Amino acid sequence: MFPESRDRKMKVFKFGGASVKDAAGVRNLLEVVRTANENDVLIVVSAMGKMTNALEEVVTTYFQEEDSIQLKINEILHYHVEILNDLFTNTSHPIYAKTNTLIKQLSAFLRSNKSSTHAFVYDQVVSFGELLSTTIVADYINEEGVNAKWLDVRQCIKTDNYYRNARVDWEQTQKAIGKLVNSKGITITQGFLGAESENNFTTTLGREGSDYTAAIFAYCLNADSVTIWKDVPGVLNADPREFTNTQLLHHISYREAIELAFYGASVIHPKTLQPLQRKEIPLFVKSFVNPKDAGTCVGKGVTLDPMTSCFILKKNQVLISLSSLDFSFMMEDNFSEVFNLLHRYKMRVELIQNSAISFSVCVDNKYNNLEALLTKLREKFKVICYYGVTLYTIRHATPVEIKSLVQEKEVLLKQESAETVQLVVNE
């Protein structure tokens, strides 16, 4: 799956949207880079603040109320210009023209686009968040006397045309990175984005795909390490927005981190760890507020330090329960048909459970294809559907913790293995 690469040594940093949500964040990014004191580093930057959400609204407006698009675009321009005015004292600085050019390109695409495919339009539009943020960050860093090269990631990461969740063509990507990325000095590039190989249209790697971008570059460059800079002290055993008394995990093994990512831990992207594990490149998750703190290291060694329960939840899921219309057994041919439909309608499967006469699946309706799927399923099965359920996944849980978690909740489905308990509940 992953090709071999040349022997280069540099570090990869990734800064998410929260770290560059305003001018103070951009200044802090530079201070983090200076504090780290790394001469050779590739920096992956996400869209600023909630800009991906704002651009998603542009896509929605494009398909539903086209007359309001210019208002949305003006809001995006205003947001970035406010940051520019805070960062640059000279309003004739070239960064203003660069920003306006990108906004004009966004408007031009929306005027000239002929495609009615939502996922295609989504990728072309949402990509401007990363293009704007990295252009601003690169110009600011250079203005402050730190020489940094801006790199268009779409020239490097080549993918298929599965828009919104594109798969990387590792061979082409390796060649492009080897050719275009200088292992010396500082390079600024975008997270989340790629380009499909045939027509060079922009693709995206899935939400939170900037972590994956950092891992792709690290793998292809044989980097010493990847550091993800976040607004938390490291990887916690639960989301502090949902749970109290969370604990910092000082060390996580690759295997445990992959398990946590697979089940939906938001700190690490599910695909990020695979290329890093293959070359045993350590991943650090550190605070951009306190950059000298150790944070969390994902790498070889003990499973968890400290050994504690880890809680993951996914809200607004859908639980579908199927049974045969004639109460016959649910057999392999039934399962095959169901999985084919789940694949056709792009449903991310979070949990599966089956018995002799029933089959239950918890899915994420990311592409809003649920009603079309249910219509097809009802042709062959009796269907019961629960909307807006919450999926809890607990690693290394104790019975007391499980009992406390489900208190005053309706448990619709429970599945348990040696190290993992999953619960689908109505809150």
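Heads up: the structure comes first, above all this text.
In this text the structure is predicted, and so the values were computed from the model without any measurement. (Residues numbered from 1 in each chain as written. Predicted model: local features only at pLDDT ≥ 70, side-chain atom pairs only at ≥ 80, totals over all residues. Heavy atoms only, no water.)

A. Region of interest: the pairing of strand β5 (residues 186–190). β5 sits mainly inside the fold: five of its five residues count as buried. Judged by which residues are buried, β5 turns out to be covered on both faces: Ile186, Ile188 and Gln190 on one side and Thr187 and Thr189 on the other are all buried. Here five bridges tie strand β2 (residues 41–45) to β5, and the two strands are oriented parallel to one another. Looking at the pairing, valine 41 lines up with isoleucine 186 of β5. Pairing of strand β3 (residues 148–151) with β5 involves four bridges; the strand directions are parallel. Among the inter-strand pairings, alanine 148 is bridged to a residue of β5, identified as isoleucine 186. (Buried < 20%, exposed > 50% of the residue type's maximum accessible area, 1.4 Å probe, protein only. Helix = DSSP H or I, 4+ residues; strand = E, 2+ residues; numbered from the N terminus. Pairing = 2+ DSSP bridges.)

B. Structural detail: the pattern of salt bridges. Applying the stated criterion across every chain, the model contains 21 salt bridges. Residues glutamate 259 and arginine 395 are paired through a salt bridge, measuring 4.0 Å at the closest nitrogen-oxygen approach. Taken as a pair, glutamate 259 in helix α9 (residues 254–262) and arginine 395 in strand β16 (residues 381–395) lie far apart in primary sequence, 136 residues in all. In this structure, a network of salt bridges that share partners links the residues Glu256, Glu259 and Arg395. (Salt bridge = Lys/Arg side-chain N within 4 Å of Asp/Glu carboxyl O.)

C. Examining the packing of helix α2 (residues 51–64) against helix α5 (residues 118–126) more closely. At a closest axis distance of 9 Å, the pairing of α2 and α5 adopts a crossing angle of 135°. By the criterion of interaxial angle, the relationship of α2 to α5 is oblique. Pair α2 / α5 crosses with right-handed handedness. In this structure, α2 uses Thr52, Leu55, Glu56, Val58, Val59, Tyr62 and Phe63 to contact α5, whose residues at the interface are His118, Val121, Tyr122, Val125 and Val126. (Axes fitted to C-alpha atoms, helices over the stretch in contact; angles between N-to-C directions. Parallel < 35°, antiparallel > 145°, perpendicular 65-115°, else oblique. Left-handed = near helix turned anticlockwise from the far one by under 90°. Contact = heavy atoms within 4.5 Å.)

D. Representation of the sheet that holds strand β15 (residues 358–364) within the structure. Taken together, the six strands give an open sheet; going across it, the order is β14-β15-β13-β16-β18-β17, and neighbouring strands pair in antiparallel fashion. At either end of the open sheet lies a strand with only one pairing partner, and these are β14 (348–354) and β17 (410–416). When the angles between neighbouring strand axes are averaged without regard to direction, this sheet yields 30°. Pairing between β16 and strand β18 (residues 420–426): six bridges, direction antiparallel. For tyrosine 392, the partnering residue across the bridge sits in β18 and is leucine 423. Strands in contact with α9 are β13 (310–324), β14 and β16; relative to β16, the strand with the most contacts, it is inclined by about 140°. Packing of helix α13 (residues 399–406) onto the sheet brings it into contact with β13, β16, β17 and β18, and relative to β18 it is tilted by some 10°.

E. Spatial organisation of the side chain of serine 360. Assignment of secondary structure puts serine 360 in strand β15. Among the residues examined, serine 360 registers a relative accessible area of 12% and is labelled buried.

F. Inspection of the nonpolar core at higher detail. Counting residues in each nonpolar core, the largest one holds 70 residues, and the members touching the most others are Leu110, Val125, Ile216 and Phe217. With nine residues, the single largest contributor to this core is helix α8 (residues 210–221). Once residues lying within four places of it in the same chain are set aside, the contact partners of leucine 110 are Val58, Tyr62, Ile69, Ile73 and Val125. By size, the runner-up hydrophobic cluster in this structure holds 30 residues, among which are Phe88, Ile136, Tyr140 and Ile188. (Core = buried A, V, L, I, M, F, W, Y, C linked by side-chain atoms within 4.5 Å.)

G. The arrangement of unusual backbone geometry in detail. Following aspartate 305, the chain continues to proline 306 via a peptide bond in cis, the omega torsion being 0°. Of note, proline 306 is situated in the loop between β12 (304–305) and β13. Even without being glycine, phenylalanine 192 reaches a positive phi, approximately 80°. You can see phenylalanine 192 is positioned in the loop between β5 and β6 (193–196). The backbone of histidine 396 shows a phi angle near 60°, a positive value even though the residue is not glycine. Summarising the element assignment, histidine 396 is placed in the loop between β16 and α13.

H. Focus on the packing of aromatic side chains. For the coordinates displayed, the defined rule picks out 12 aromatic pairs. Between phenylalanine 88 and tyrosine 140, the aromatic rings sit 6.3 Å apart at their centres with planes inclined by 90°, giving edge-to-face as the arrangement. Note that phenylalanine 88 is positioned in the loop between α3 (69–87) and α4 (94–112) and tyrosine 140 in helix α6 (residues 128–143), a separation of 52 residues in sequence. Residue classification places phenylalanine 88 among the buried positions, given a relative accessible area of 3%. By the ring-pair criterion, three or more aromatic residues cluster together here, those being Phe109, Phe120, Tyr163 and Phe201. Positioned above the aromatic ring of tyrosine 162, the side-chain terminus of arginine 167 is 4.7 Å from the ring centre. Looking at lysine 346, its charged tip hangs above the ring of tyrosine 162, at a distance of 5.0 Å from the centre. (Phe/Tyr/Trp six-rings, centres within 6.5 Å; stacked < 30°, edge-to-face > 60°. Lys NZ or Arg CZ within 6 Å of the ring centre and 35° of its normal.)

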